[in-house]
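These are the residues of each chain, in order.
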Amino acid sequence: MTATDVRDMRRTVSDLHAELVRNNLVAWTAGNVSGRVPGEDLFVIKPSGVGYDALTPETMVVCDLDGNLVEGAHSPSSDTAAHAYVYRNMPEVGGVVHTHSTYATAWAARGEAVPCVLTAMADEFGGEIPVGPFALIGDDSIGQGIVETLKGHRSPAVLMRSHGVFTIGKDPKAAVKAAVMCEDVARTVHVARQLGEPLTIARADIDRLHDRYQNVYGQRSPR
Ligand SMILES: [Zn+2]
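Residues numbered from 1 in each chain as written. Predicted model: local features only at pLDDT ≥ 70, side-chain atom pairs only at ≥ 80, totals over all residues. Heavy atoms only, no water.

Between helix α1 (residues 3-22) and helix α6 (residues 172-195), the least distance of the axes is 10 Å, while the angle of their chain directions is 10°. As judged from the angle between their axes, α1 and α6 are roughly parallel. The residues of α6 that touch α1, namely those facing Met9, Thr12, Val13, Leu16, Glu19 and Leu20, are Pro172, Lys173 and Val176. Taken together, the residues of the contact of α1 with α6 break down into 6 nonpolar, 1 polar and 2 charged. (Axes fitted to C-alpha atoms, helices over the stretch in contact; angles between N-to-C directions. Helix = DSSP H or I, 4+ residues; strand = E, 2+ residues; numbered from the N terminus. Parallel < 35°, antiparallel > 145°, perpendicular 65-115°, else oblique. Contact = heavy atoms within 4.5 Å. Nonpolar A, V, L, I, M, F, W, Y, C, P; charged D, E, K, R; others polar.)

Here you go:
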């Protein structure tokens, strides 16, 4: 492994955990971020049971794609098997985030997808935020549920039924952004529901918004 890449990813993943706290996505030690080490069959993930204030690049742990500890003084997050399964089965994914953020998890508790009724949802998710199966921790069930739901879906977020949110991204920052956006739109659509039925957006408009956001927005070359 290249020591610099591992060191950089330890810092990136450690720093991004602060975003979960800053955006009110986590309680106590729940929630975790991981990042694939570029070009290696390795990823960096949060240690199990360590408080957010105590997280540093040094406390992060490095695992192989089977979820085995490769480097680190702590044991890896209890969600490591799910992260590892995603990295094994979705080679394009460079970052994974898991939270029990309140509004998104409330939709998961009802087993209900968040409908795409906001342009920001069309941009980021390209449609509804789907629900994945009920799965118990301890084997590959959670990972399988995430991959089965997100493969072939434009959404980078899945609401695992009765559990919480998993998001993916090209890198850990993109996965954290998806987790923040997922909670934000879950909250807005929930609030909208309190006063009536949100209006739908035509599929063609969702497609146009998604295409523009993913392919044009923020990527214009400087003039
Ligand atoms: Zn969880």
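Here the narrative resumes, following the displayed structure.
Tallied over the entire structure, the rule returns 1 aromatic pair. On the basis of an interplanar angle of 35° and a centroid distance of 4.9 Å, the ring pair of Phe43 and Tyr87 is categorised as tilted. Of this pair, Phe43 sits in strand β2 (residues 42-45) while Tyr87 is found in helix α2 (residues 80-89), placing the two residues 44 residues apart along the sequence. When sorted by exposure, Phe43 lands in the same class as Tyr87, which is buried. Stacked on the ring of Tyr52, the Lys or Arg Lys46 has its end atom at 5.2 Å from the ring centre. (Phe/Tyr/Trp six-rings, centres within 6.5 Å; stacked < 30°, edge-to-face > 60°. Buried < 20%, exposed > 50% of the residue type's maximum accessible area, 1.4 Å probe, protein only. Lys NZ or Arg CZ within 6 Å of the ring centre and 35° of its normal.)

For the structure on display, the rule yields 12 salt bridges. Residues Arg193 and Glu197 are paired through a salt bridge, measuring 3.8 Å at the closest nitrogen-oxygen approach. For Arg193, a relative accessible area of 27% gives the class partly exposed. Where salt bridges share partners, they join Arg110, Glu112, Arg193 and Glu197 into one cluster. (Salt bridge = Lys/Arg side-chain N within 4 Å of Asp/Glu carboxyl O.)

Glancing now at α6. End to end, α6 covers 36 Å across 24 residues, agreeing with the expected 34 Å (1.5 Å per residue, within 8%). Pro172, Ala175, Val176, Ala178, Ala179, Cys182, Glu183, Val185, Ala186 and Val189 are the residues of α6 that are buried. Count one or two residues on from α6 and you reach Gly196, which has phi positive near 155°. (Expected span 1.5 Å × (residues − 1).)

Time to look at the coordination of the zinc ion. Donor atoms from the polypeptide that coordinate the zinc ion comprise His98 (NE2), His100 (NE2) and His163 (NE2), at 2.0 to 2.1 Å from the metal. Within one chain, the residues serving as donors to the zinc ion are arranged as H-x1-H-x62-H. Among the residues examined, His98 registers a relative accessible area of 1% and is labelled buried. With a relative accessible area of 38%, His100 lands in the partly exposed category. (Donors = N, O, S within 2.8 Å, 3.2 Å for Na, K, Ca; no water.)

We now examine the side chain of Ser101. Inspection of the secondary structure assignment puts Ser101 in the loop between β5 (95-99) and α3 (102-110). Every residue in contact with Ser101, bar those within four places of it in the chain, is listed here: Leu25, Val165 and Glu183.

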